[in-house]
Amino acid sequence: MSVLLAAIRKEVLLLLRDRGALIMMFILPVVFMAVFGAMFSGQGDSKQAPAAMTAQAPAAEAPTIGGIPMPLAPASPAILPDSFQVAVPGNAVLFGFFLALTVAMGFVEDRRSGIWRRALAAPLSRRTLLLSKLVPYVAIGMVQMTLLFGIGVVVFGMNISGSVFALGVHTFAVVLCAVCLGLLMASFSATEKQLGGIGSVVLLVMGLLGGAMVPRMAMPEGLKTLSLAVPHAWALDGYYSLLVVDGAGLADVASDTACVLGFAVGFAILGAVLFRFERD
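Our subject in this report is the structure included herewith. Small disclaimer: the values here were computed from a predicted structure and weren't measured.

Thoughts on the overall build of the protein chain
Within the protein chain, the secondary structure is distributed over eleven helices and two strands. Tracing the protein chain from N to C terminus, the helices and strands come up as α-α-β-β-α-α-α-α-α-α-α-α-α. For the protein chain, the proportion of its 280 residues judged to be buried stands at 46%. Long-range contacts, defined here as pairs at least 24 residues apart, represent 80% of the contacts in the protein chain between residues at least 6 apart.

What follows is the structure in structure tokens.
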């Protein structure tokens, strides 16, 4: 436990000194939330849906987000979700997964500086060494996502229609997935320069494909199906359910959360097998 606490303190202090990482994790997401939320505010909850999207229309014509049917009032025009219920989770997931790049950079830097070599001389297992590096980033990621969703609620007036507890559990799965992806990325990269160039592109493509930039409901059917190959799509589907659907809880997002955790386990296993503390 003392090793993990010391590791958390070390990583937090290093993060606080890295202005670039702080801007990427906390400033840019808020800016993007404000911009995209304002762009689509005309379709928020203060506007009625077109006449074709009424409660009397067939279920297939009901408005959806990420493939999830939106709740309709029994005898009133359909209400579209608030724009920030789309903008906040979209950008939180996009920039939340950039934590993977921060994690990978930390692993590669420790390898380059010889920290891993000295750590291996200590009476600690390799599993403990990996956990001491990964657990702090899970804590940091939870703080990041909590702040972003908190800003969404307090500053942008985003409504959480479902269970806050389920939102926390789903968020933990998303953060864990991002951290495990960082371990996998570190196993393929030898230098920070190589990682920064390739990793950023990979994360942006994953975010775009998964609906973090363009909502999946606006994608062609084929692309919607393809987007399920990245964890971002499952993460966002879960968030949309919890933010938009009244009374949604853990049971309603169980499949989405389980898929995100499945990605996390896959990334963790591959990363642990492929990662080398020292380059040959």
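What follows continues from the structure just given.
Details of the packing of aromatic side chains
Counted according to the given criterion, the structure contains seven aromatic pairs. Where F95 meets F98, the ring centres are 6.3 Å apart and the plane angle is 35 degrees; that geometry is what we call tilted. Assigned by exposure class, F95 and F98 land together as buried. Feature note: the residues F32, F36, F95 and F98 constitute an aromatic cluster, connected by ring pairs.

Some remarks on the side chain of K224
With respect to the helices and strands, the residue K224 is situated in helix α9 (residues 221-227). According to the relative accessible area criterion, K224 is buried, its value standing at 17%. Once residues lying within four places of it in the same chain are set aside, the contact partners of K224 are R216, M217 and M219.

Conventions and cut-offs
- Along each chain, residues carry numbers from 1 onward, in the same order as the chain's sequence is written.
- In keeping with the predicted nature of the model, local features appear solely for residues at pLDDT of at least 70, side-chain atom pairs appear and are counted solely at 80 or more, and the whole-chain, interface and lining totals rest on all residues.
- Just so you know, side-chain values use all the structure's heavy atoms and leave hydrogens and water out.
- Secondary structure elements follow DSSP: runs of H or I of four or more residues count as helices, runs of E of two or more count as strands, with numbering from the N terminus.
- Exposure is judged per residue with a 1.4 Å probe applied to protein chains only, and the accessible area is read against the type maximum: over 50% gives exposed, under 20% gives buried, and values in between give partly exposed.
- Contact between two residues is taken to exist if any of their heavy atoms lie within 4.5 Å; hydrogens are not considered.
- When two rings of Phe, Tyr or Trp (its six-membered ring) have centres within 6.5 Å they constitute a pair, described as stacked for plane angles under 30 degrees, edge-to-face for angles over 60, and tilted for the intermediate range.

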